[in-house]
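Reading the structure
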Amino acid sequence: MQAAEAKAVCRPCPVAAACLRWAMDAGEVHGTWGGTSEDDRRVLRRGAARAAAVSGTADE
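In what follows, the accompanying structure is described. Since the structure is predicted, the reported quantities are computational estimates derived from the model, not experimental observations.

**So, the side chain of Thr-36**
Structurally, the position occupied by Thr-36 is in the loop between helix 2 (16-26) and helix 3 (38-55). Within polar-contact distance, the side chain of Thr-36 engages the backbone oxygen of Trp-33 at 2.7 Å. Ignoring sequence-local partners within four residues, the contact set of Thr-36 consists of Lys-7, Leu-20, Gly-31, Arg-41 and Leu-44.

Listed below in structure tokens is the structure:
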């Protein structure tokens, strides 16, 4: 329930996308950032890693 409440706070935030970008770049694994939970960001990282592997840019 706490994650849903935290995400609701992020929803109207004008800097949520920048916040999420920072959290992803910094490798933040705790808390709610840019409207995403730890699990949400883990899924996003896995998806980005898969896309990089498929496109051959994993080491760039």
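Next, the rest of the story.
**Section: the pattern of salt bridges**
Under the counting rule described, the total for this entry stands at two salt bridges. The partner of Lys-7 in a salt bridge is Asp-40, with the nearest N and O atoms 2.7 Å apart. Of this pair, Lys-7 sits in helix 1 (residues 2-10) while Asp-40 is found in helix 3, placing the two residues 33 residues apart along the sequence. Among the ionic pairs, Asp-39 bridges to Arg-42, the shortest N-O distance being 2.5 Å. Of this pair, Asp-39 and Arg-42 both sit in helix 3, three residues apart, which is roughly one turn of the helix. By relative accessible area, which is 47% here, Asp-39 ends up partly exposed.

**Things to note about the packing of aromatic side chains**
Given two aromatic rings, their pairing is described by the distance between the two centres and the angle made by the two planes. Counting across every chain of the model gives one aromatic pair. Ring geometry for Trp-22 versus Trp-33: centroids 5.0 Å apart, planes at 40°, classification tilted. Of the two residues, Trp-22 sits in helix 2 while Trp-33 sits in the loop between helix 2 and helix 3, which places them eleven residues apart along the sequence. Overall, Trp-33 belongs to the partly exposed group, its relative accessible area being 26%.

Calculation criteria
- Residues numbered from 1 in each chain as written.
- Predicted model: local features only at pLDDT ≥ 70, side-chain atom pairs only at ≥ 80, totals over all residues.
- Heavy atoms only, no water.
- Helix = DSSP H or I, 4+ residues; strand = E, 2+ residues; numbered from the N terminus.
- Polar contact = N/O pair within 3.5 Å; in protein donor to acceptor, adjacent residues only side chain to side chain.
- Contact = heavy atoms within 4.5 Å.
- Salt bridge = Lys/Arg side-chain N within 4 Å of Asp/Glu carboxyl O.
- Buried < 20%, exposed > 50% of the residue type's maximum accessible area, 1.4 Å probe, protein only.
- Phe/Tyr/Trp six-rings, centres within 6.5 Å; stacked < 30°, edge-to-face > 60°.

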